[in-house]
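Commentary on secondary and tertiary structure
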Amino acid sequence: MFPHQKRLFYSFITGSRGLPVKINNGYPAMVFMILTRSGFDELFPRLVKDRDALWVNAGVLSESEVSELREAGWNLTKWSNPSADLTTEIGTVQLHHPDQIVWMETAAGMDAG
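Residues numbered from 1 in each chain as written. Predicted model: local features only at pLDDT ≥ 70, side-chain atom pairs only at ≥ 80, totals over all residues. Heavy atoms only, no water.

1. Some words on the packing of aromatic side chains
Within a pair of aromatic rings, the relevant descriptors are the distance that separates the centres and the angle that separates the planes. Inspection of the entire model under this criterion finds three aromatic pairs. Each ring, one from Phe44 and one from Trp74, has its centre 4.7 Å from the other, and the planes form 50 degrees; the classification is tilted. Taken together, the residues span a long stretch of sequence, with Phe44 in the loop between α1 (37–43) and β5 (53–57) and Trp74 in the loop between α2 (63–71) and β6 (75–79) at a distance of 30 residues. Every member of this aromatic cluster is reached through a ring pair, and the members are Phe40, Phe44 and Trp74. (Phe/Tyr/Trp six-rings, centres within 6.5 Å; stacked < 30°, edge-to-face > 60°. Helix = DSSP H or I, 4+ residues; strand = E, 2+ residues; numbered from the N terminus.)

2. Brief notes about the pattern of salt bridges
One pass over the structure, following the stated rule, counts five salt bridges. In this structure, Arg37 and Glu65 form a salt bridge, with 2.9 Å as the shortest nitrogen-oxygen distance. Linking Arg37 in helix α1 with Glu65 in helix α2, this pair joins segments that are 28 residues apart in sequence. You can call Arg37 partly exposed: its relative accessible area is 34%. Residue Glu65 is classed as partly exposed on the basis of its relative accessible area, which comes to 25%. (Salt bridge = Lys/Arg side-chain N within 4 Å of Asp/Glu carboxyl O. Buried < 20%, exposed > 50% of the residue type's maximum accessible area, 1.4 Å probe, protein only.)

3. Looking at the environment of Asp50
Relative to the assigned elements, Asp50 resides in the loop between α1 and β5. Taking C-alpha positions, Asp50 is 8.1 Å from Asn75, a pair spaced 25 residues apart along the chain.

4. What about the nonpolar core?
In terms of nonpolar packing, the biggest core is built from 15 residues, with Phe32, Phe40, Leu54, Leu61 and Leu76 touching the most fellow members. At the level of secondary structure, the elements contributing two or more residues to this core comprise β4 (30–34), α1, β5 and α2. With three residues, the top contributor of residues to this core is β4. The residues contacting Leu76, other than those within four sequence positions of it, are Leu54, Val56, Leu61, Val66, Leu69 and Arg70. In this structure, Met33, Ala53, Val102 and Met104 belong to the second largest nonpolar core, which totals ten residues. (Core = buried A, V, L, I, M, F, W, Y, C linked by side-chain atoms within 4.5 Å. Contact = heavy atoms within 4.5 Å.)

5. A closer look at the pairing of strand β7 (residues 101–106)
Regular strands show a simple pattern: their side chains alternate between the two faces of the sheet. With five of its six residues buried, β7 lies for the most part within the structure. Examined bridge by bridge, β4 and β7 share four bridges and lie parallel to one another. Its bridge partner being in β7, Met33 is matched across the sheet by Met104. (Pairing = 2+ DSSP bridges.)

6. With respect to the pairing of β6
Where β5 lies against β6, five bridges are found, and the strand directions are parallel. Residue pairing for β6: Val56 is matched across the bridge by Lys78. Remark: the β5/α2/β6 crossover connection has right-handed handedness. (Right-handed = clockwise from strand over helix to strand, strands pointing away.)

7. A look at helix α3 (residues 86–96)
Of all the residues in α3, the buried ones are Leu86, Glu89, Ile90, Val93 and Gln94. For α3, the arc enclosing every buried residue in end-on projection is 135 degrees, short of the 170-degree limit, so these residues lie on one face. Opposite the buried face of α3, by more than 90 degrees, sit the exposed residues Thr87 and Leu95. (Arc of directions from axis to C-beta.)

What follows is the structure, given as structure tokens:
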């Protein structure tokens, strides 16, 4: 890692049914669970609108940012009442995106379960 790069960590969670993941433009479709503004700022430039879905923690984006992203065609879900239990949140995401890879922003050394 270069000194100018931030350290952002993600836990990798596979599709919930063990099925092959959807492929778009040579890369698997992914769902990104974003918990912080710094995580969003670092990750967003790397995402592909027609491939990736965003699940963003309440308060990370302003209402106008959420509206702008949705109007631009992003698949964005905002947690309005997130659970303290991340396992529950992961399960909810997997219900909505059963055949996609789920990435969750985590702190260094934290295990998502």
